Amino acid sequence: MSFISFAFAVFYLLVLAVRWLPMPRGDYATTVRIFALLLLSWLFYAWHVPWYLLLILFSTAVDYVAGLIMSTTPAENARRRRLVLCVSLVANIGLLAYFKYAGLFVDTVNAIAGSEFSWAAVVLPIGISFYTFQSMSYSIDVYRGDIPAERNFLRFATYIAFFPQLVAGPIVRASAFLYQFRRRRRFHWKVFITGAYLILRGLFLKLVVADNLGRIVDQQWAQAATDPQGVLALSVLVFFACQLLCDFAGYVDIARGVAYQLGFRLPINFNAPYLALTFSEFWRRWHITLSDWMRDYLYKPLGGNRRHVVRNYLNLVLVMLISGLWHGASWNFVAWGGMLGVALALERVLRLTEKRLSIFSVLLWFVVVQLTWIFSMAMFRANGIEQGLAVMGSAAVGAWQLLLNDFELGEAADVLQLGWWFTLPVWLWHGRAWIAEHTRVGEAGALERSVYAGLMFAAVLQLYATGKQFIYFQF
Amino acid sequence: MRTVTGNNNFDRIPSATVLACVTLFLLAFCFAVYTLPLLKFRPGEFPRTQSLSLSRAPVDGEFFVSHGNNEQSHLALYHGIGPSIHYARQADILIVGNSRAQLGLSESVFTTQAQSLGLSVFNLAVGHVGRIGFALDVIRRHDLRPRLVIVNGGPPVYRDIYSPWAEEVVGMTGWQARKAYFETFAGWQLRSRLGQVMPRLEYFVEKHYRWVHYRSEQTGWYRNLQVPSQRYRVKDQAGMRKHPSSVAMARELQDELASWGGRMVLTIVPFARVNTGHLPVISEALGVSYIVPSFEGLETADGSHLAPASADIVSERIWRQLVTLPEFKAAFPELAD
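Throughout what follows, the structure given in this document is the object of discussion. (Residues numbered from 1 in each chain as written. Chains lettered and ligands numbered in written order. Predicted model: local features only at pLDDT ≥ 70, side-chain atom pairs only at ≥ 80, totals over all residues.)

## Quick look at helix H1 (residues 16–35) of chain B
Over its 20 residues, H1(B) runs 28 Å from end to end, which matches the ideal 28 Å to within 8%, given 1.5 Å per residue. Considered for burial, the residues of H1(B) that qualify are B:Cys21, B:Phe29 and B:Ala32. Down the axis of H1(B), the buried set is contained in an arc of 70°. They therefore lie on one face. Away from its buried face, by an angle of more than 90 degrees, H1(B) presents the exposed residues B:Ala16, B:Leu19, B:Cys30, B:Tyr34 and B:Thr35. Those residues of H1(B) that are buried are in contact with helix H18 (446–463) of chain A. (Helix = DSSP H or I, 4+ residues; strand = E, 2+ residues; numbered from the N terminus. Expected span 1.5 Å × (residues − 1). Buried ≥ 20, exposed ≤ 12 C-beta atoms within 10 Å, placed from the backbone. Arc of directions from axis to C-beta. Contact = placed C-beta atoms within 7 Å.)

Structure follows, in structure tokens:
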């Protein structure tokens, strides 16, 4: 089920009713509420393809049992604990491999070996990349002894299936979520209104900014690869960078707002990423929960930065390659990850951290970081590496033309003008975030948010675009 | 997770801050509602305000919305949602084609004329570049057994590929189709009402799309609630010049009909730059009759679809020719006397 659907509106009213209807105090009522939340979360998931509910049940059951076995296995019996962890990881990665990557694997083998193996494409279960990662993080944390195993199946299953973040994140750690079931809750208007504000902001980012930019990107993409006037390609890449941010950040805002209204707290996932001065800072601002996951469960176990420097650089590239593959079962995503991994490693080689640079160097590197990201969007959006390279090449020409101030936009000029207007909220968001980070003004208070809410509400009602699914649903 | 039933702050008196927040919210909202339509984010006649009909669904029967992006026809017909297919199954005559067969063939003329002969007619044509293959799928899937099929349209109607929207619908499961149907229905209910008090600002569509129509479940015809006001004269661009066309799908439909003794005739409802050259080619290849009505005095409402008055005229012309065709007589031998 998509947040941007009328089915969700009906569903959500039901959820709110179940959550906040008065019930007598006590553990029994608490259990009933959690059970209802679990059933509703499964309904939310089954709305897409009903039988895929079995996948999430399988993943939940495997990790629940794995957690219990690991917690009851003495620390000395490391072999058994490791074996159980392996079963959990294989089960989760196996689901991903079958549903997401088997097609890519077969196509690649066919391309290399000239064979003609066939693979019946299956509908990708929405959110599979998110809940399998979440599930795996739980097993690994229990294995490491970082958290105790959750013995209450109801709570554990609700943690895995919690509908606001089920299909497109944020990826929530068990340590940051399971304890919330035990918290005493009261209805607070302030919290509820904060949730409503987040939902409204998410709707604005998605329906007004991302979807309208998406229409322009869809219209102009094919031309962007071939147009000798590369400014068009460059603009389209900027629009897509903003579309992607607002699409995903919009989803996460709605997820966080919904969770808030139900009495749960989800981590933030985006923190004005286009203010990042370095690549490493960028990944601390963009898709934060995935970056943290990759760092804690992949980069550090590979040796992190404790090994030889060369190994450190290779680890960075490898992690980013896997991150690219996580985003999509296609070689252009791998190329996207590889490109950003090399950039990250290069930054480490040059020892360019924000604290060591002069102001001029900071600004220069900031431009490099943001331009690299914008150019990488060509690979992210493209249908194949070839098209990605073509758009990148065209955009590079555009950047050069822009420097020389020697370009004509032709027929696309007015559409591009429109696109730049729709990016305005992104720049305002980042501008306000910069002020909050670098001055004493601080975060927006209630009065300021009220003004934003009024403006965004009017924009949602008048400027909404329809019919576009969340981009991250496909991951 | 404990819940407290009393002792909450529901009934707390709003503080000055809360009042200030509400006031600021309303002021900002009103400011934006007033200002946004004045801003020109794109040169030209933008923003356009999306005009939606004030009218509700017609009340003389069962209807669903078939307006622009709210087109539900494919979902209803292919997946059998609602009673449309029930009525299509009962029809003696089916009309196949695209939106021109919907807006250019008059419901009142065809149903009245058919009823006078004791026949029933159902319009299976669909918008969004309707094609013959989709209709054939509907006929097979729901075991429709019309005695006569009228195929209306230019060369694209005969192409052996689906339109993009039809392809998407055909790929849906019944569950997905019902969800999409519900979303379209609910979306239309909300947007058409919201549009009355706060029109949507449109920056992408170059022309106003002023058609608003519902589709009758009983007859399959569009019922126009709003018609564009422009008028363009119909001109035949190529006359009867031979025109290469695909006949594979038409032949498949013909074979399907023949399996129970059904017949097929071809026609074309004119539009601003109509080309009729494909009809003799297909007609000759299949050995079926075709009707090209006189285009004299006809006008379209938007360049592509006949205005209602012209639809009535051309429908009379087509019907008069239709009843004289051998296919019609063979399909309904009981009417020979």
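Back to the write-up after that little detour.
## Digging into the sheet that holds strand E3 (residues 93–96) of chain B
Residue and element names in this part refer to chain B. In spatial order, the strands read E4-E3-E5-E11-E13; together these 5 strands make up an open sheet with parallel pairing. Whereas interior strands pair on both sides, the edge strands pair on one side only; in this sheet they are strand E4 (121–123) and strand E13 (290–291). Looking at chain direction, E3 and E4 are connected through 3 bridges and run parallel. Looking at E4, one finds that Ile-93 is bridged to Val-121. (Pairing = 2+ DSSP bridges.)

## Looking at unusual backbone geometry
Even without being a glycine, A:His287 presents a positive backbone phi close to 40°. By the element assignment, A:His287 lies in the loop between helix H11 (279–285) and helix H12 (288–299). With 23 C-beta atoms counted inside 10 Å, the residue A:His287 sits in the buried group. Although it is not a glycine, B:Asp143 adopts a positive phi angle of roughly 50°.

## Digging into the pairing of strand E8 (residues 222–226) of chain B
Residue and element names in this part refer to chain B. Inspection of the sheet shows strand E7 (residues 212–216) paired to E8 by 4 bridges, in the antiparallel sense. Bridging from a neighbouring strand, Val-212 pairs with Gln-226 of E8. The antiparallel hairpin formed by E7 and E8 contains 5 residues in its connecting segment, where Gly-220 sits at a positive phi of about 80°.

## Section: the nonpolar core
One finds A:Val209, A:Leu237 and A:Ala241 to be the most contacted residues of the largest nonpolar core, which totals 140 residues. Counting residues per element, this core draws most heavily on helix H10 (residues 230–262) of chain A, which supplies 24 residues. Counting 73 residues, the second-largest nonpolar core is a separate cluster that includes B:Phe110, B:Leu144, B:Val151 and B:Ala250. (Core = buried A, V, L, I, M, F, W, Y, C linked by C-beta atoms within 7 Å.)

## Points about the environment of A:Gly398
Residue and element names in this part refer to chain A. Secondary-structure assignment places Gly-398 in helix H16 (residues 385–404). Sequence-wise, Gly-398 and Gly-230 are 168 residues apart; in three dimensions their C-alpha atoms are separated by 3.5 Å. Sequence-distant contacts of Gly-398, defined by excluding residues within four places in its chain, comprise Gly-230, Val-231, Leu-232, Ala-233 and Leu-234.

## With respect to the interface of chain B and chain A
Of the residues lining the interface, 36 residues belong to chain B; the matching set on chain A comes to 40 residues. At the level of elements, H1 and helix H9 (174–197) of chain B are the ones that each hand at least two residues to the side of chain B that touches chain A. For the side of chain B that touches chain A, the element with the most residues is H1(B), which contributes 11 residues. The residue inventory of the side of chain B that touches chain A, partitioned by class, reads 23 nonpolar, 8 polar and 5 charged. (Nonpolar A, V, L, I, M, F, W, Y, C, P; charged D, E, K, R; others polar.)

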